[in-house]
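# Structural features, examined
Spelled out, the chains give:
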Amino acid sequence: MARATTMDAGVGLLELRDVRGEVWFAYDAGKPLFITREAQIRHDGQVIGFVSLGLDDGARRRALAGTGLAAAGVALVIILAQYCLARRLLGTLLRKPFAALDSLVGAYARGQYAQTDPGVYYTEFAPLVDAFLGMGQTIERQVNALAESEEKYRLIFNHSPVGIFCSTLDGELLEGNAALGNMFGYATREEFLSSTGLR
């Protein structure tokens, strides 16, 4: 029975001894063991010997390596499947919203601030779209207010009966209205500006 037990590839050590310690049977495969157990052999309630059994670590390692490789393979297949599905679904679903936001930003970069809602109907994009549209409306209001202010200033400057001019801190004349030219005896604003070297 001991020889039959040693034929199992998982057995690396088997030893039978009597109570005096005399070895009846010994088998040692010379391989590393991962577990060794010793037990008493009893007959009619008396200890008549001992058995030592050690299991070969190679079989356990091969089993663990096989299980580990199988688990890694399954995990890799799952990860690849998730990646492919996510790429296809998210690429399809998010391409339109990102393209709409990109066109909105591109229009703002070109100075076209009067934009309408690009039709991005994803909850995650709504705050971003609202922020961009609000920013565009604010910029458009500010640009229009600035244009109106410049137009008012230009009307006051050009039609004032009083001479108005702009100069540097050093006194160099940068701009002057028609009334200023008349004060210095010029018939037109352009004549005055060309005589000062501005035109």
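The structure contained in this document is the topic of the report that follows. (Residues numbered from 1 in each chain as written. Predicted model: local features only at pLDDT ≥ 70, side-chain atom pairs only at ≥ 80, totals over all residues. Heavy atoms only, no water.)

## Here we look at the pairing of strand β2 (residues 23-28)
The sheet contact formed by strand β1 (residues 11-18) and β2 spans 5 bridges and is antiparallel. When the sheet's bridge partners are listed, Leu16 is paired in β2 with Phe25. Hairpin connection of β1 to β2: 4 residues between the antiparallel strands, including Gly21 at a positive phi of 95°. (Pairing = 2+ DSSP bridges. Helix = DSSP H or I, 4+ residues; strand = E, 2+ residues; numbered from the N terminus.)

## Let's talk about helix α2 (residues 57-109)
The axis of α2 is deflected most strongly, by about 40°, at Leu94, and proline Pro97 appears within four residues downstream. Along α2, the residues classified as buried are Asp57, Pro97, Ala100, Leu101, Leu104, Gly106, Ala107 and Tyr108. In this fold, the buried residues of α2 make contact with β3 (33-43), β4 (46-56) and α3 (126-159). Capping the start of α2, Asp56 holds a side-chain oxygen 3.0 Å from the backbone nitrogen of Gly58, two or three residues further along. (Bend = angle between axes of the 7 residues up to and from the residue. Buried < 20%, exposed > 50% of the residue type's maximum accessible area, 1.4 Å probe, protein only. Contact = heavy atoms within 4.5 Å. Polar contact = N/O pair within 3.5 Å; in protein donor to acceptor, adjacent residues only side chain to side chain.)

## Topic: the side chain of Asn177
Considering the arrangement of structural elements, one finds Asn177 in the loop between β6 (173-176) and α4 (178-183). Asn177 gets classed as buried once you look at its relative accessible area, which sits at 0%. A distance of 3.0 Å separates a polar side-chain atom of Asn177 from the backbone nitrogen of Leu180. Apart from residues no more than four positions distant in its own chain, Asn177 is found in contact with Phe157, Ser160, Val162, Gly163, Ile164 and Arg189.

## Digging into the nonpolar core
If you look at the biggest cluster of nonpolar residues, it comprises 9 residues: Ala100, Leu101, Leu104, Tyr108, Val120, Phe125, Val129, Phe132 and Leu133. Of all elements in the fold, only α2 and α3 reach the threshold of two or more residues within this core. For Val129, the residues in contact, after removing those within four places along its chain, are Leu101, Asp117, Pro118 and Val120. (Core = buried A, V, L, I, M, F, W, Y, C linked by side-chain atoms within 4.5 Å.)

## Regarding the sheet that holds β2
Taken together, the 4 strands give an open sheet; going across it, the order is β2-β1-β4-β3, and neighbouring strands pair in antiparallel fashion. A strand with exactly one partner marks an edge of an open sheet, and here the two such strands are β2 and β3. Neighbour to neighbour, the strand axes of the sheet diverge by 15° on average, direction disregarded. When β1 meets β4, the two strands line up antiparallel, connected through 7 bridges. Its bridge partner being in β4, Val11 is matched across the sheet by Leu55. The strands touched by α2 within the sheet are β3 and β4, with β4 carrying the most contacts at an inclination of about 45°. (Axes fitted to C-alpha atoms, helices over the stretch in contact; angles between N-to-C directions.)

## What about the packing of α2 against α3?
Here α2 crosses α3 at 15°, and the two axes come no closer than 11 Å. Considering their axes alone, α2 and α3 lie roughly parallel with respect to each other. Taken as a pair, α2 and α3 cross one another with a handedness that is left-handed. Along its contact with α2, which presents Leu101, Leu104, Val105 and Tyr108, the element α3 presents Leu128, Val129, Phe132, Leu133, Met135 and Gly136. Class assignment for the residues of the contact of α2 with α3 results in 9 nonpolar, 1 polar and no charged. (Parallel < 35°, antiparallel > 145°, perpendicular 65-115°, else oblique. Left-handed = near helix turned anticlockwise from the far one by under 90°. Nonpolar A, V, L, I, M, F, W, Y, C, P; charged D, E, K, R; others polar.)

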